[in-house]
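# Structural overview
Here is how the chains run, residue by residue.
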Amino acid sequence: MSEEERPSTTLGQPGAPPQAAAFIATYAAVEPGCPFWSIPIEELLRDLATDASQGLSQAEAAARQVQFGSNTLAKRKRFDVLVLLLRQFTNPIVLILMGAALLSFALHSPTDGIIT
């Protein structure tokens, strides 16, 4: 695939898992500016020194796990529903609308206060 045919996206995309950084940095030296997902399978298997039918040996898999880290997703922080509701009141637009509603009630216009 020529440089003109490849997408303009580069390696090291934001949001990549931290253990992928070492792999991406290693592969970036081999194919600078080439997105890793566009590399032909044969070339990728050769560069990673593996076989598609047999995979890695136990020893090589353990060595790569030490080098690159385990293949797990990071746990996401869970949001409590009450915290999520209370965080809405930190938005300036919400605060302005609440102020307008309170002002409407204070000026004896409950219909406008409810609509706001």
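Each value, and the rule that gives it
Throughout, a residue's number is its position along its own chain's written sequence, starting from 1. It should be noted that, the model being predicted, local features are given only for residues of pLDDT at least 70 and side-chain atom pairs only at 80 or more, the latter also being counted only at that level, while totals for whole chains, interfaces and linings use all residues. Neither water nor hydrogens contribute to the side-chain values; these are computed over all heavy atoms in the structure. Under the DSSP-based scheme used, a helix requires at least four consecutive residues in state H or I and a strand at least two consecutive residues in state E, with every element numbered from the N terminus. Between two residues, a contact is recorded if the distance between any of their heavy atoms is within 4.5 Å. Residue burial considers only the protein chains on display, and all accessible areas are found by Shrake-Rupley using a 1.4 Å probe. To estimate how far a helix should extend, the number of its residues minus one is multiplied by 1.5 Å. Distance and chemistry together define a polar contact, namely a pair of N or O atoms within 3.5 Å, with one atom able to donate a hydrogen and the other to accept it when in protein, and with adjacent residues in sequence counting only for side-chain atoms on both sides. Patch criteria: residues need more than 30% relative accessible area and no salt bridge. Like-charged residues are merged within 9 Å; nonpolar side chains of Val, Leu, Ile, Met, Phe, Trp and Tyr are merged within 5 Å. Salt bridge, as used here: a side-chain nitrogen of Lys or Arg that lies within 4 Å of a carboxyl oxygen of Asp or Glu. Residue exposure (1.4 Å probe, protein chains only): buried if accessible area is under 20% of the type maximum, exposed if over 50%, otherwise partly exposed. Looking at any residue, its pLDDT shows the predictor's confidence there, from 0 to 100.

## Some thoughts on the overall build of the chain
Within the chain, the regular secondary structure consists of six helices and zero strands. Along the chain, helices (α) and strands (β) appear in the sequence α-α-α-α-α-α when read from the amino end. When contacts within the chain are restricted to residue pairs at least 6 apart in sequence, those whose partners lie at least 24 apart make up 36%. When the accessible area of the chain is evaluated, it comes to approximately 9,400 Å², of which 63% is carbon and sulfur surface.

## Things to note about helix H5 (residues 92–106)
Across its 15 residues, H5 extends 21 Å between first and last C-alpha, which sits within 8% of the 21 Å expected from 1.5 Å per residue. Capping the start of H5, Asn91 holds a side-chain oxygen 3.0 Å from the backbone nitrogen of Ile93, two or three residues further along. Phi turns positive one or two residues past the end of H5, at His108, with a value near 60 degrees.

## Some words on unusual backbone geometry
Of note in the backbone geometry, Ala49 takes a positive phi value of approximately 55 degrees without being a glycine. Mapping Ala49 onto the fold places it in the loop between helix H2 (41–47) and helix H3 (58–68).

## Let's talk about a nonpolar patch on the surface
On the surface, Leu82, Leu85, Leu86, Phe89, Leu95 and Met98 cluster together into a nonpolar patch covering about 550 Å² of accessible area. Only helix H4 (81–87) and H5 provide two or more residues apiece to the nonpolar patch. Examining the composition of the nonpolar patch, we find that three residues originate from one element, H4, more than from any other. On the secondary structure map, Leu95 appears in helix H5. With a relative accessible area of 44%, Leu95 lands in the partly exposed category.

## A word on the pattern of salt bridges
Between side chains of opposite charge, pairing is possible as soon as their charged atoms come close. One pass over the structure, following the stated rule, counts two salt bridges. Across the pair Arg46 and Asp47 runs a salt bridge whose closest N-O atoms are separated by 3.4 Å. For Arg64, the salt bridge identified is with Glu60, shortest N-O distance 2.7 Å. Taken together, the residues span about one helical turn, with Arg64 and Glu60 both in helix H3 at a distance of four residues.

## With respect to the confidence of the model for the chain
Counting all residues, the mean pLDDT for the chain is 75, and 70% of those residues have values of 70 or more. A low-confidence stretch, residues 1–13 (pLDDT under 50), is modelled with 19 contacts involving residues beyond four sequence positions or located in other chains.

## What about the side chain of Arg64?
Exposure remark for Arg64: the relative accessible area of 19% places this residue in the buried category. Engagement of the side chain of Arg64 in a polar contact is seen with the side chain of Glu60, the distance being 2.7 Å. Those residues in contact with Arg64, other than ones at most four positions away along the chain, are Leu48, Ala49, Leu56 and Gly69.

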